[in-house]
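# Architecture and fold: a report
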Amino acid sequence: MLSLCKASVSPGLRATRYIQASKAVSGSVRYLRLDAADTEPARSGIPPPLTGIRIVDLTRVLAGPTATMLLADLGADVIKVEEVSRGDDTRSWSPPAAPLADSAPASASHLPAESAYFLAVNRNKRSITVNFKKPEGLEVVHDLIRKADVLVENFIPGKLAEMGLGWEDCREINPRLIYASITGYGQTGPYRKAAGYDVVIEGEAGLMHITGEPDRPPCKVGVAVTDISTGLYAHGSILAALLSRQQTGKGVWIDVNLFETQIAGLANIASNYLIAGAEGSRHGTAHPSIVPYQVFPCKDGFLMIGAGNDKQFATLATKILDRPGLAQDERFATNSARVAHRKTLVPILTEILMEHDRDHWLKKFNGQGVPFGPINNIQQTFEHPQAKARGITVEVEHPRAGPIKLVAPAVSYNGKRMPVKRAPPYLSQHTDEVLRKELGYSEDKIARLREQKII
């Protein structure tokens, strides 16, 4: 439970806020000091807008779970339906994994430790396990669909239809159902039956061609950005379909896929080709049309520097690097000249920057109006003063792992994030709860399904 207190403020000083976080389990209290500008919005928040919306989540790995997690953050009741013995593939993607707590329930002692990958994209959900390849399990999922608003799946097109869970099957059960299909290549076309893998589609849809150093092979992005982007598209399209249903009273079949998402994500590179026939290429961290605009090494690390116009370059040369002659050199005086003489200028800048360490240059850049930033590792990212001030992590109590830290939802509403009310579930954590409370199954029926290994 969070309560917010505001300290007294002396004239001319910034407001100081203290967040008191009380943990019901241990009773301990933590304080996080935040210095907030007077213009910070009041932390009133908004009620979770998807309260009362139920989502049957048949997705696995990253794109689908990202979408359903974002919807769960907004208050939707997301019921994650998993395979009975193993669950979501990412449950076994470890190490790393969260260490098991001494208080972990004995009923889950047969399960592996909770993988960090799974924990990343499954907060605020409930987990049940159902073998819906069997008729009895299919009946369970059909019963869930009858009471659901949304179903999200990421099977190869046609696979669920073979099991009795295709769009037409589900629409007959619930005409108001939003049915979101997340696939590699979409529901039509010659590649519709192909499985979708982020790294493959990064290559096939142009992203890898433009990522990496110009004299090196194509490179993938450091995270599965195509999967994550597809999850964001799916999340937005489901919200749009819910609004459409308000107007029409009818369900919607959503077709979202990695291939088209990645092509849409090519942005100006795609437009350059479509408008001017200009082929994309790799530039590492550099910009094809602006110099200097790239990562530079210094004595003990790296800096990203972006002098986007001639005024910024003059400031860089005179006030930061103490080399006013560079701004007066006709080879570097204008951006077009700097682009033409990139191979001359970049080594000069590199040599100067290598004279001092990163902290020296960060102090020199600060307040000068030239875009810059350090290249932080992950530890430095989470220790960044802005990350701490914004409270970008949240601690939740996991029934098997105890207190764990997660990245908090990225959006605030009236100054307050949506709460993380549930830790990512362990496998089948909520099976009995959902079947009993939501579907009205008797204890005898639940026991029979478990004996038959349906749940």
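Scroll up to find the structure.
Described below are features of the structure shown in this document.

What the chain contains, in helices and strands, is 18 helices and 18 strands. With respect to the principal axes defined by its C-alpha atoms, the chain has extents near 85 × 60 × 45 Å. Going through the 455 residues of the chain one by one, you find that 41% of them count as buried. Counting only contacts in the chain whose residues sit at least 6 apart along the sequence, the fraction spanning at least 24 positions is 66%. Accessible surface computed for the chain: about 24,200 Å², of which carbon and sulfur atoms make up 55%. Taking the average place of the 54 positive charges on the side chains of the chain and the average place of its 48 negative ones, the gap between the two points comes to 4 Å.

Before going further, it helps to examine a nonpolar patch on the surface. A surface patch of nonpolar side chains, about 290 Å² in accessible area, is lined by Tyr 197, Val 199 and Val 200. The class of Tyr 197 is exposed, set by a relative accessible area of 54%.

Time to look at the packing of helix α1 (residues 63-73) against helix α7 (residues 225-248). Closest axis-to-axis distance for the α1/α7 pair is 7 Å, and the angle between their directions is 45°. As judged from the angle between their axes, α1 and α7 are oblique. The handedness of the crossing between α1 and α7 comes out as right-handed. Counting all contacts with α1, which are made through Ala 63, Thr 66, Ala 67, Leu 70 and Leu 71, the residues of α7 involved are Asp 227, Ile 228, Thr 230, Gly 231, Leu 232, Ala 234, His 235, Ile 238 and Leu 239. Of the residues contributing to the contact of α1 with α7, the split by class is nine nonpolar, four polar and one charged.

Next up on the list: the pattern of salt bridges. Overall, the coordinates contain 22 salt bridges when judged by the stated rule. Between Glu 114 and Arg 91 there is a salt bridge whose closest N-O contact spans 3.4 Å. With a gap of 23 residues between them, Glu 114 in strand β7 (residues 114-115) and Arg 91 in the loop between β5 (77-82) and β6 (97-98) connect regions that are remote in the sequence. Classification of Glu 114 as buried rests on a relative accessible area of 3%. Owing to a relative accessible area of 7%, Arg 91 belongs among the buried residues under this scheme.

Residues of helix α14 (residues 358-365) that are buried include every one of Arg 358, Trp 361, Leu 362 and Phe 365, and no others. End-on, the buried residues of α14 take up no more than an arc of 105°, which puts them together on one face. Immediately beyond the C-terminal end of α14, within one or two residues, lies Gly 367, with a positive phi of roughly 80°.

Turning next to the side chain of Thr 431. Residue placement: Thr 431 occurs in helix α17 (residues 431-438). A relative accessible area of 1% means that Thr 431 is categorised as buried. In this structure the side chain of Thr 431 is engaged in a polar contact, spanning 2.6 Å, whose partner is the side chain of Ser 428. Excluding its chain neighbours within four sequence positions, the residues that come into contact with Thr 431 are Ser 127, Ile 128, Thr 129, Arg 450 and Ile 455.

Parameters and conventions
- Residues numbered from 1 in each chain as written.
- Predicted model: local features only at pLDDT ≥ 70, side-chain atom pairs only at ≥ 80, totals over all residues.
- Heavy atoms only, no water.
- Helix = DSSP H or I, 4+ residues; strand = E, 2+ residues; numbered from the N terminus.
- Buried < 20%, exposed > 50% of the residue type's maximum accessible area, 1.4 Å probe, protein only.
- Contact = heavy atoms within 4.5 Å.
- Areas by Shrake-Rupley, 256 points an atom, 1.4 Å probe, with all protein chains shown as cover.
- Lys, Arg positive; Asp, Glu negative; His and termini not counted.
- Charge placed at Lys NZ, Arg CZ, Asp CG, Glu CD.
- Patch = residues over 30% accessible without salt bridge, like charges linked within 9 Å, V, L, I, M, F, W, Y side chains within 5 Å.
- Salt bridge = Lys/Arg side-chain N within 4 Å of Asp/Glu carboxyl O.
- Axes fitted to C-alpha atoms, helices over the stretch in contact; angles between N-to-C directions.
- Parallel < 35°, antiparallel > 145°, perpendicular 65-115°, else oblique.
- Left-handed = near helix turned anticlockwise from the far one by under 90°.
- Nonpolar A, V, L, I, M, F, W, Y, C, P; charged D, E, K, R; others polar.
- Arc of directions from axis to C-beta.
- Polar contact = N/O pair within 3.5 Å; in protein donor to acceptor, adjacent residues only side chain to side chain.

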